[in-house]
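# Per-entry structural report
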Amino acid sequence: MIETIKINIKPVSTSKLSQIDFNNIDFGKVYSDHMYIADYYNGSWQDFRIEPYDMLSFTPGSAILHYGQSVFEGLKAYRGESGEILVFRPEMNFRRINKSAVRMCIPEVTEGIFMEGLTELLKLDKNWVPDLPNTSLYIRPYIFALDEYIGIQPSKNYKFIIFTCPVGPYYSKPLKVKIETEFSRAVQGGTGYAKAAGNYAGSLYPAMLAQQKGYDQLIWTDGATHQFIEEAGTMNIMFVIGDKLLTANTGDTVLKGITRDSVLTLAREWGMEVEERQIPVTEIVEALQKGEVQEAFGVGTAATIANIELIGDDQNDYSLPSIKPDSFSSKILKELDDIKTGKKEDEHGWIYKI
Ligand code: COI
């Protein structure tokens, strides 16, 4: 039973909605009218409210600005066939933000704080959920530390915020990716499995170096040996080789992606052989050399399915076959889209209707 919480709502006096061209929305650059905020102080979450999306104010000494004690989530809402608002697997994000929070010494939020805030925010901003093909409302819950203190210790004050952005595709074309064998995203015992802000900051420099060489993103390998494939950019990565769907097993260093879980679930139901295990870089490079990799793609909430057209190692670039409508990644993308927009029956209980 989810507890009820009292949320004070202060709506905008004038919506920005009429200024938005939904046919041309860049990912993450347009923000809906409202945000949901909760404050943590005196040992508990309180002051639940929805306010106009606006500037925040906190002091230059705030812990988040110095030490990055912050975790976040990403999920999406879609418009169903008859206009209803459908959110994809939000309870998974609720569970994962708390898992990340525990790792970063951040107080967990209750299901009521997460789900009721999300629900009320989406009710208020329902008209911001786009209905054009390949669009959705990206939802960003996050928690960050607010103590005004320059020593290192877990903060005693935090903010939990949810805001939303109508979005189009995250990537507009198939990706060229480089297998990274110098820098690491995550190590055993580190924070790789958490959606901790610093994981993403640390990935920028290696990604920038790869971009200077003409790649779009990196394939991350394990931090100890760089011999095993882990993730791609900000996504999990999957390969189709023969009849098999292959992806790295999760653990300390690989994020337990919700899109990852959804794709694997559907693939198994379709009778595909699925392997979640350590993937040696050499196995993928040999398969690329023999032309056996039919498909490689990133999976994540923002990108959903991001096809990879080229993989580079330190010596060579290998091109992948072009994606066709009957490729696995095309079929799974369509299946997911149909479930998310209510065109297909929600047999898995993945949809939360507002
Ligand atoms: C997501 O896929 O939601 C992510 O967290 C990626 C994000 C960095 C845009």
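Just so it is clear, the structure is predicted and the values come from calculations on it, not from any experiment.

The next thing to look at is the overall build of the protein chain. Looking only at helices and strands, the protein chain has 7 helices and 19 strands in total. In the protein chain, of all internal contacts separated by at least 6 residues, the share reaching a separation of at least 24 is 71%. Accessible area for the protein chain stands at about 16400 Å²; split by element, carbon and sulfur atoms hold 50% of it. Across the protein chain, the mean location of the 36 positive side-chain charges is 2 Å away from that of the 48 negative side-chain charges.

Nonpolar side chains in soluble globular proteins tend to end up buried together. Core analysis: the biggest nonpolar cluster contains 41 residues, and Tyr36, Trp45, Ile143 and Phe160 have the highest contact counts within it. Secondary structure elements with two or more residues in this core: strand E2 (34–41), strand E3 (44–52), strand E5 (75–79), strand E6 (85–88), helix H2 (90–103), helix H3 (111–124), strand E7 (136–145) and strand E8 (158–167). Residue contributions to this core peak at 6 residues, all from H3. Of the domains in this structure, domain 1 (8–169) and domain 2 (175–339) are the two that each give at least three residues to this core.

Moving on, we come to the pairing of strand E11 (residues 228–232). When you tally the buried positions in E11, you get 4 out of 5 residues, the bulk of the element. When strand E10 (residues 217–221) meets E11, the two strands line up antiparallel, connected through 3 bridges. Its bridge partner being in E11, Trp220 is matched across the sheet by Glu231. Linking E10 back to E11 in an antiparallel pair, the connection comprises 6 residues, with His226 at a positive phi of about 60 degrees. Direction of pairing for E11 relative to strand E12 (residues 235–241): antiparallel, over a ladder of 2 bridges. For Glu231, the partnering residue across the bridge sits in E12 and is Asn236. Counting the residues between successive antiparallel strands, the hairpin from E11 to E12 contains 2 residues, one of them, Gly233, with a positive phi of roughly 55 degrees.

What follows is about the domain arrangement of the protein chain. For the protein chain, the assigned domains are domain 1 (8–169) and domain 2 (175–339). Each of domain 1 and domain 2 has a C-alpha centre, and these two points are 27 Å apart. Contact residues are listed per partner, giving 19 residues for domain 1 and 20 residues for domain 2. On the domain 1 side of the interface with domain 2, the three residues burying the most area are Phe72, Arg96 and Arg103, jointly 35% of the side's total. In this assembly, domain 1 and domain 2 are joined by 1 salt bridge. Between Arg89 and Asp261 there is a salt bridge; the shortest N-O distance is 2.8 Å. At the boundary of domain 1 with domain 2, the tally comes to 11 residue pairs in polar contact (both at pLDDT 80 or more). Elements that contribute at least two residues to the side of domain 1 that touches domain 2 include exactly strand E4 (70–72), E5 and H2. With 6 residues, H2 is the single largest residue contributor to the side of domain 1 that touches domain 2. Residues of the side of domain 1 that touches domain 2, tallied by class, amount to 8 nonpolar, 5 polar and 6 charged.

What counts and what doesn't
Residues numbered from 1 in each chain as written. Predicted model: local features only at pLDDT ≥ 70, side-chain atom pairs only at ≥ 80, totals over all residues. Heavy atoms only, no water. Helix = DSSP H or I, 4+ residues; strand = E, 2+ residues; numbered from the N terminus. Contact = heavy atoms within 4.5 Å. Areas by Shrake-Rupley, 256 points an atom, 1.4 Å probe, with all protein chains shown as cover. Lys, Arg positive; Asp, Glu negative; His and termini not counted. Charge placed at Lys NZ, Arg CZ, Asp CG, Glu CD. Core = buried A, V, L, I, M, F, W, Y, C linked by side-chain atoms within 4.5 Å. Buried < 20%, exposed > 50% of the residue type's maximum accessible area, 1.4 Å probe, protein only. Domains from an automatic or database assignment. Pairing = 2+ DSSP bridges. Buried area = accessible area lost by both parts, 1.4 Å probe. Salt bridge = Lys/Arg side-chain N within 4 Å of Asp/Glu carboxyl O. Polar contact = N/O pair within 3.5 Å; in protein donor to acceptor, adjacent residues only side chain to side chain. Nonpolar A, V, L, I, M, F, W, Y, C, P; charged D, E, K, R; others polar.

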